[in-house]
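One letter stands for each residue in the lines below.
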Amino acid sequence: MTIRTILIAAAAVAVCACAQKTSETTVIKGSIPEGYDTPDVVVVIQDLQIDTTIAVVDGKFNLSVPTCTTAYGVVVIDGEVYPFVPDGTVLTVKIEDEEVVSDKPSVSVTKRLNAFNQWVGDFMGKYNEKMGEIYDESEGLTEEEKSELVEAYYNEVIPSYNEYMAKVAKENPDNLLGLIAISQYQYEDVNELRPLIDGLSDALKENPDIVSLVKAMDAMNDTAEGSMFADFTIVQDPDNADATTVKFSDYVGCGKWVIVDFWASWCGPCRGEMPNLQSVYKQFHGDRFDMLSVAVWDDPEDSKAAAKELGIVWNQIINAQQIPTDLYGIEGIPHIILFGPDGTIVKRGLRGEAIGAAVAEALGE
């Protein structure tokens with residue numbers, strides 16, 4: 001179990017539509033304290049683009065940028081990064097304190113961003129420390145036993161993490177922090193995000209990531225447990241399309257119970273599930289049950305090499321990319337589904353021992 005990356009990567013959720021402004025421009029200023037080497041220039045990066053490079057004169061710098069509380073920016077001074085949101089207040093880079101402060105903290109999104117980053121940094125520090133302890137103390141255990149310990153700790157701490165993310169999203173429905181918090185919420189079912197998205201301003205609902213999440217919710221609801229499978233066609237090798245084109249329905253809805261694993265070669269948790277899948281295949285494969293791995297978001301050659309390495313001897317589809325994940329509303333992998341003999345979706349989101357338990361129940365064993 002891993003927690004999605006945040007902090008500087010949050011720039012990726014910025015949108016063009018801006019929330020209500022406190023001022024048309026945001027002033028960013030700072031000075032180089034005594035004892036620090038004074039650089040010649042300061043670089044300001046906003047929304048993943050270098051907006052401007054400004055000179056440092058007599059140890060000071062000053063510039064104005066358009067206000068947009070859904071945008072993300074950083075001031076870079078000698079390699080050190082100071083995050084900010086152009087929130088319409090006067091922002092001062094405090095080099096000694098390693099942060100950007102506002103002259104109007106009560107309305108400053110930047111102040112809230114600093115607090116958010118601090119909370120996440122503290123949480124991740126403790127999380128990673130504990131994960132290190134688990135691995136240090138689990139010497140001699142099997143990988144499956146280690147995975148169980150890791151998952152148990154993840155399940156223990158993630159409710160407080162999600163509680164904080166939900167709180168931030170609700171308190172910031174019209175600015176960048178609302179988007180960041182929703183993007184970092186650790187959901188098992190993307191529908192968990194529906195109430196948070198419904199609370200966003202109309203402008204933020206147009207953010208591409210939010211639009212994508214809503215589409216995923218709709219797709220997941222269309223392919224929920226109890227629904228009939230959604231078919232798709234994959235050309236596994238464009239250079240040999242006639243011989244390599246397959247349909248999902250070649251494997252699902254053909255009279256057998258089928259476990260389908262959506263995976264990728266680069267995905268650690270996907271690799272971690274392979275021993276469970278191998279065990280299920282060895283125990284149940286036969287006239288009534290089969291398995292299928294569908295490689296998504298991956299280079300076909302990497303998929304083939306990993307399949308050989310990991311001992312995937314059951315049916316495979318490679319080069320599926322985003323086609324099935326868009327169709328089934330899959331936002332994270334591995335995603336493992338049990339299909340009935342007629343193609344009905346019986347169970348979604350299976351992991352670990354639950355895979356074999358679901359198959360045994362379906363087969364009446």
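See above for the structure.
All of these numbers come straight from a predicted model, not from anything done at the bench.

Engineer: With reference to specific residues and values, describe the overall build of the protein.
Structural biologist: A count of helical and extended segments in the protein gives 10 helices and 15 strands. With the principal axes as the frame, the protein shows a C-alpha extent of 80 × 45 × 40 Å. Counting the 365 residues in the protein, one finds 47% classified as buried. Expressed as a percentage of contacts within the protein between residues at least 6 apart in sequence, the contacts between residues at least 24 apart total 66%.

Engineer: So, unusual backbone geometry: which residues are in play, and what are the values?
Structural biologist: A negative phi holds for most residues other than glycine; trans holds for most peptide bonds. P334 follows I333 through a cis peptide bond whose omega is 5°. One can find P334 in the loop between α9 (323-328) and β14 (335-339). Notably, D78 is not glycine yet its phi reads approximately 50°, a positive angle. Looking at the secondary structure, you find D78 in the loop between β5 (73-77) and β6 (80-84). Its identity is not glycine, yet Q321 carries a phi of approximately 50°, on the positive side. Its location among the elements puts Q321 in the loop between β13 (315-317) and α9. For Q321, a relative accessible area of 27% puts it in the partly exposed group.

Engineer: Tell me what's going on with the layout of surface pockets, and back it up with residues and numbers.
Structural biologist: Each pocket or cavity is described by its volume, and for the second largest pocket that value is around 570 Å³. Taken together, 21 residues line the second largest pocket, and the ones lying closest to its centre are E143, S147, E148, E151 and G272. Mapped onto the lining of the second largest pocket, the elements with two or more residues apiece are α1 (109-137), α2 (143-171) and α7 (268-284). When residues in the lining of the second largest pocket are grouped by element, the largest group, 7 residues, is from α7.

Engineer: Mind laying out α7, listing which residues take part and the relevant values?
Structural biologist: For α7, built from 17 residues, the straight-helix expectation of 24 Å at 1.5 Å per residue is met to within 8% by its first-to-last C-alpha distance of 25 Å. A bend of about 30° at M274 is the largest found in α7, and the proline P275 appears one to four places after it. Of the residues making up α7, those classed as buried are C270, E273, M274, N276, L277, V280, Y281 and F284. Summarising the contacts, the buried residues of α7 are in contact with α2, β11 (257-263), β12 (289-295), α8 (300-310), β14 and α10 (353-363).

Conventions we followed
Residues numbered from 1 in each chain as written. Predicted model: local features only at pLDDT ≥ 70, side-chain atom pairs only at ≥ 80, totals over all residues. Heavy atoms only, no water. Helix = DSSP H or I, 4+ residues; strand = E, 2+ residues; numbered from the N terminus. Buried < 20%, exposed > 50% of the residue type's maximum accessible area, 1.4 Å probe, protein only. Contact = heavy atoms within 4.5 Å. 1 Å grid on protein atoms, 1.4 Å probe; cavity = no way out; pocket = protein on both sides within 12 Å on 5 of 7 lines; lining within 4 Å. Points joined across faces, edges and corners; volume = space filled by probe spheres on them. Expected span 1.5 Å × (residues − 1). Bend = angle between axes of the 7 residues up to and from the residue.

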